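These are the residues of each chain, in order.
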Number of protein chains: 2
Amino acid sequence: MPAQAGTAEEKELATRAPCCGLYHQAVELVGTRWTGAILLVLMDGPLRFSEVRELVPEISDRLLSERMKELEAERIVERHVSDCGPVRVEYALTDKGRALEPTVRALKSWAHYWLPRQ
Amino acid sequence: MPAQAGTAEEKELATRAPCCGLYHQAVELVGTRWTGAILLVLMDGPLRFSEVRELVPEISDRLLSERMKELEAERIVERHVSDCGPVRVEYALTDKGRALEPTVRALKSWAHYWLPRQ
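About the cut-offs
Residues numbered from 1 in each chain as written. Chains lettered and ligands numbered in written order. Predicted model: local features only at pLDDT ≥ 70, side-chain atom pairs only at ≥ 80, totals over all residues. Heavy atoms only, no water. Least-squares fit on C-alpha atoms with pLDDT ≥ 70 in both. Contact = heavy atoms within 4.5 Å. Buried area = accessible area lost by both parts, 1.4 Å probe. Salt bridge = Lys/Arg side-chain N within 4 Å of Asp/Glu carboxyl O. Polar contact = N/O pair within 3.5 Å; in protein donor to acceptor, adjacent residues only side chain to side chain. Helix = DSSP H or I, 4+ residues; strand = E, 2+ residues; numbered from the N terminus. pLDDT = per-residue confidence, 0-100.

Q: How would you sum up the relation of the copies chain A and chain B? Please name residues and give values.
A: Mapping chain A onto chain B calls for a screw motion: a turn of 180° about the axis and a shift of 0.0 Å along it, with 0.0 Å RMSD after fitting. Such values leave the two copies arranged in the relation of a two-fold axis. Relative to the rotation axis, the C-alpha of A:Gly31 is the closest in chain A, positioned 1.8 Å from it. An overlap of 100% is found between the interface residues of chain A and their copies at the interface of chain B, pointing to a shared contact surface.

Now the structure itself:
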């Protein structure tokens with residue numbers, strides 16, 4: 001059977017926007033295991049490594065360290081080292097990271113309204 | 001060295017909200033490979049299986065079918081079968097799925113502003 005070119009359905013589909021690569025890249029990035037959780041706890045301000053681990057239950061040191069490096073490489077998180085007093089290393093969101101706040105807040109609201117509590 | 005209980009830093013951390021299980025569940029769900037892309041293309045209205053595949057480039061039939069089943073099980077997507085004329089199966093977002101629109105739109109805007117075009 002020949003392909004049905006130019007049917008009404010095909011014309012209708014042509015008006016629909018395909019999923020774009022940039023959005024796909026973003027959803028894969030934020031959706032990487034634990035990344036969304038790390039972003040949420042950093043939204044309230046900078047934290048030390050051990051503090052992130054405490055606020056994101058169940059994450060291992062190894063995975064947290066890996067995720068932090070990925071987020072630094074993406075320039076979503078930056079590492080601050082205090083240069084006075086005892087050395088203190090903190091992780092903070094960059095402007096690019098902070099710009100994820102509407103996404104994170106919207107998903108959190110959705111989760112609290114629509115997901116069943118266990 | 002004994003644990004430093006009750007330091008100023010510990011008190012400060014106690015005021016910070018930990019990542020909650022519901023949000024974590026949501027970010028893992030939407031962040032599952034291809035799920036975010038499928039949700040985006042369904043935001044504009046119901047689609048047939050073959051139409052979703054066309055609008056989400058690179059997804060395989062097997063994976064799309066798996067994701068659709070997961071989204072149906074979560075009651076985010078529902079399958080509509082037309083009962084008149086030739087059988088036509090369409091997938092549509094439920095109210096729970098449509099409620100993800102602010103999240104999806106916010107992430108798309110972020111991606112278009114912050115991610116480099118290749």
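The discussion continues.
Q: So what's going on with the interface of chain A and chain B? Which residues, and what values?
A: Of the residues lining the interface, 52 residues belong to chain A; the matching set on chain B comes to 52 residues. Each partner contributes to the roughly 5,000 Å² buried at the junction of chain A and chain B, and carbon and sulfur atoms together form 66% of this total. On inspection of chain A and its partner chain B, the count reaches two salt bridges. For the salt bridge of B:Arg33 with A:Glu28, the shortest nitrogen-to-oxygen distance reads 2.3 Å. Summed over the shared surface of chain A and chain B, the number is 14 residue pairs in polar contact (both at pLDDT 80 or more). Elements represented by at least two residues in the side of chain A that touches chain B include exactly α1 (8–14), α2 (21–31), α3 (35–42), α4 (49–55), α6 (95–98) and α7 (101–114) of chain A.

Q: Which residues make up the confidence of the model for chain A, and what values go with them?
A: All names here are of chain A. Per-residue confidence for chain A gives a mean pLDDT of 90; residues scoring 70 or more make up 92%. For chain A, α1 is the element with the lowest average pLDDT, namely 72, and α6 is the one with the highest, namely 98. In the model output, the complex is listed with pTM 0.86 alongside ipTM 0.87.

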